[in-house]
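# Architecture at a glance
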Amino acid sequence: MATMDLRTEIREFLSSRRARIAPEQAGLAAYGGNRRVKGLRREEVALLAGVSVDYYVRMERGSLAGASDGVLDALASALQLDEAERDHLFHLARQFRAPSGPRRRRSAVTVRSTLQQVLDAIAEAPAWIGNGRYDVLAMNQLARALYSPVLAEPRRPANTARFVYLNPEAARDFFVDYDRVAGDAAAKLRMEAGRNPQDEELITLVGELSTCSELFRQRWASQDVRLHRSGRKRLRHPIVGRLDLDVESLELPAEPGLHLNVYTAAAGTPAADSLALLASWAATQQTLATELEAHNG
């Protein structure tokens, strides 16, 4: 399948968001004690969004044709969507309005050499560049050392979502907050699917994870979405042990769809000491590899 079914995506997203809101949460009186639907009724969403019931029913059946930004904003408010969910709704609407055709947008799979130079210039922090599919496209030396468990699988480009779901034992050892990491991975892939539903590699990845991982199927079915954001990453590294790191995820305006991820630790913390130890180990490994290559040459 080369593209996702937008009508299905829209229908399942809207119905799942409606189902999670009780009338009381929306400021509505819940008349009668035996409601046949979970969450809000369609007519209640229509009332809150200021549209006709027929119009909302048509939207929830998967048609966002003619839905203005104002209508989408009203619908987002009625369904109490967060920032990521609102963006996802607008992505789906833009894709639905786009003219049909054989267009196939692909996320980048390579980076410019100057970006690798930027990574290599970041000497004291692990830094890597990835796309919306969780492909690891370029890394500096310290990032390669930090993510050595992810890179142990020879398939390239390495993919952290594939590592999380298809190598769960190693991933649970590496990610302290494995359940949260797994949920975020599925939610960010769902976000990318709404933004770029014609990405064949993304569809293939989702199909592979769905076929091979029951956990992924559950997380994917939740319809949750997440934005790439800065945060905290807690890791157990096989060489230096526990690392609690701050992560900055920066969009690269000149390379749409790519993010620069930089991991740091505050000075004087155990994590900073462990990062320094990891950098020393990585440099030693690089020296040994260079000497071995020279000897064999």
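This text goes with the structure placed above it.
Now for a description of the structure that goes with this document.

### Overview of the pattern of salt bridges
Under the criterion given, the structure shown has 24 salt bridges. As a salt-bridge pair, glutamate 60 and arginine 18 come within 2.8 Å of each other at their nearest N and O atoms. Residue glutamate 60 is located in helix α3 (residues 53-60), and its partner arginine 18 is located in helix α1 (residues 6-19); the two are separated by 42 residues in the primary sequence.

### Section: the side chain of serine 63
By the element assignment, serine 63 lies in the loop between α3 and α4 (69-78). Filtering out sequence-adjacent residues up to four positions away, serine 63 remains in contact with Arg7, Arg58 and Phe96.

### Considering unusual backbone geometry
Between arginine 156 and proline 157 the backbone carries a cis peptide bond, its omega angle lying at 0°. We note that glutamine 223 has phi near 65°; this positive angle belongs to a residue other than glycine. With respect to the secondary-structure elements, glutamine 223 resides in the loop between α13 (214-221) and β3 (231-237). In this structure glutamine 223 comes out as buried when scored by relative accessible area, which is 2%.

### Comments concerning helix α12 (residues 200-212)
Quick reminder: α-helices carry 3.6 residues per turn. Residues three or four places apart thus point the same way. With 13 residues, α12 extends 18 Å between its outermost C-alpha atoms, agreeing within 8% with the 18 Å of an ideal straight helix rising 1.5 Å per residue. Buried within α12 we find Leu202, Ile203, Leu205, Val206, Glu208, Leu209 and Ser210. Buried residues along α12 sit against α9 (160-166), α11 (178-195) and α13.

### Considering the packing of aromatic side chains
In the structure shown here, the tally under the stated rule is eight aromatic pairs. Ring centres 5.9 Å apart and planes at 70° place the aromatic pair tyrosine 147 and tyrosine 263 in the edge-to-face group. Of this pair, tyrosine 147 sits in the loop between α7 (141-146) and α8 (148-151) while tyrosine 263 is found in strand β5 (residues 259-264), placing the two residues 116 residues apart along the sequence. Residue tyrosine 147 shares its accessibility class with tyrosine 263, and that shared class is buried.

### Description of the packing of α1 against α3
One way to put it is that α1 packs onto α3 with a least axis distance of 8 Å and a crossing angle of 120°. Judged by the inter-axis angle, α1 sits oblique to α3. Each of Ile10, Arg11, Leu14, Ser15 and Arg18 in α1 lies in contact with α3, whose residues at this interface are Tyr56, Met59 and Glu60. Split by residue class, the contact of α1 with α3 holds four nonpolar, one polar and three charged.

Rules used throughout
- Residues numbered from 1 in each chain as written.
- Predicted model: local features only at pLDDT ≥ 70, side-chain atom pairs only at ≥ 80, totals over all residues.
- Heavy atoms only, no water.
- Salt bridge = Lys/Arg side-chain N within 4 Å of Asp/Glu carboxyl O.
- Helix = DSSP H or I, 4+ residues; strand = E, 2+ residues; numbered from the N terminus.
- Contact = heavy atoms within 4.5 Å.
- Buried < 20%, exposed > 50% of the residue type's maximum accessible area, 1.4 Å probe, protein only.
- Expected span 1.5 Å × (residues − 1).
- Phe/Tyr/Trp six-rings, centres within 6.5 Å; stacked < 30°, edge-to-face > 60°.
- Axes fitted to C-alpha atoms, helices over the stretch in contact; angles between N-to-C directions.
- Parallel < 35°, antiparallel > 145°, perpendicular 65-115°, else oblique.
- Nonpolar A, V, L, I, M, F, W, Y, C, P; charged D, E, K, R; others polar.

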